[in-house]
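# Notes for the structure review
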Amino acid sequence: MKGSLKKQIEKIIPLYAILPLLTCWLFNNIVYYIFRLFVKDAYHYDFTTPLDRMIPFVPAWVSIYLICYLFWTVNYILIGRQSKEHLYRFVTADLLARLICGLFFIFLPTTNIRPEITGTGIWDQLMALVYASDEPTNLFPSIHCLCSWFCYLGIRKQKSIPVWYQYFSLIFAVLVCISTQFTKQHYLIDIFGGVGIAQICYSLSRHFDWYLPVMKVFEKINHAVWRN
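Residues numbered from 1 in each chain as written. Predicted model: local features only at pLDDT ≥ 70, side-chain atom pairs only at ≥ 80, totals over all residues. Heavy atoms only, no water.

Time to look at the nonpolar core. Ranked by internal contacts, the top residues of the largest apolar core, which has 52 residues, are Leu21, Tyr76, Leu87, Val91, Leu146, Trp149 and Phe150. Counting only elements with at least two residues in this core, the list comes to helix H2 (15-34), helix H4 (62-80), helix H5 (84-107), helix H7 (143-153), helix H8 (163-182), helix H9 (188-207) and helix H10 (211-226). Residues in contact with Tyr76, not counting those within four places in the same chain, are Leu21, Phe90, Asp94, Arg98, Cys147, Phe150 and Cys151. The next biggest cluster of nonpolar side chains, apart from the first, holds five residues, and it includes Val62, Tyr65, Met127 and Val130. (Core = buried A, V, L, I, M, F, W, Y, C linked by side-chain atoms within 4.5 Å. Buried < 20%, exposed > 50% of the residue type's maximum accessible area, 1.4 Å probe, protein only. Helix = DSSP H or I, 4+ residues; strand = E, 2+ residues; numbered from the N terminus. Contact = heavy atoms within 4.5 Å.)

See below:
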């Protein structure tokens, strides 16, 4: 890679952070889309409770549900711009959390019954698009809630991140969790599962040095990829 291109990329994100974060994205897709194939014909549990049924279906909340993809991208890049240790501790927690999610998806497959979309407005159309492109499986724990909470944890107390944006990330992560309910994409318990797993994995990674072998592997790969 030419030096000028490297410099342009590094204005956005350090080179060493690119492959670890891409690995997080790739592993997330494997866990979410591939793992479900192993339990396609298995019995899927429905954890809908009377309290879940009391929450109304509000298609407009699909806006938050979809905007969060931009939120994830921005915050993961910001996390990649922090120190190497912080990045690799975060990546280790992220990969561990996705693995735990995958185990739940395989050994406790879940589903729900989605509401019928009768409206014709833009939010209804977007909601119908989400329903058509995303099967009602892999509900517990919620990847949306897990990833959004990670976006907050990863920038919390980072001196290079403005305090107002740290608070924004917290608020937006909470809004994403709420959106999973009003869009009827998840049960209430899925929120606690996603946020809880993210919090536990992040705390473990902060207190133990599990990130060291992860960093060692990626540093070798980075050296081979970016040395030219």
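Anyway, onward from the coordinates.
Moving on, we come to unusual backbone geometry. Residue Pro141 is bonded to the preceding Phe140 through a cis peptide linkage, with omega at -5 degrees. By secondary structure assignment, the location of Pro141 is in the loop between helix H6 (122-133) and H7. Even without a glycine there, the phi angle at Asn138 is positive, about 55 degrees. By the secondary structure assignment, Asn138 is in the loop between H6 and H7. Classification of Asn138 by relative accessible area gives buried; the value is 3%. We note that Lys184 has phi near 60 degrees; this positive angle belongs to a residue other than glycine. Looking at where Lys184 falls in the secondary structure, it is placed in the loop between H8 and H9. On the accessibility criterion, Lys184 (16% relative accessible area) is buried.

This brings us to the pattern of salt bridges. The full count for this structure, using the stated rule, is five salt bridges. One salt bridge in this structure joins Glu219 and Lys84, with 2.8 Å as the shortest N-O distance. Taken as a pair, Glu219 in helix H10 and Lys84 in helix H5 lie far apart in primary sequence, 135 residues in all. For Glu219, a relative accessible area of 26% puts it in the partly exposed group. Residue classification places Lys84 among the partly exposed positions, given a relative accessible area of 34%. One salt bridge in this structure joins Asp209 and Arg89, with 3.1 Å as the shortest N-O distance. Taken together, the positions of Asp209 in the loop between H9 and H10 and Arg89 in helix H5 put the pair 120 residues apart, joining distant regions of the chain. (Salt bridge = Lys/Arg side-chain N within 4 Å of Asp/Glu carboxyl O.)

Purely geometric stuff here, so don't read any function into it on its own.
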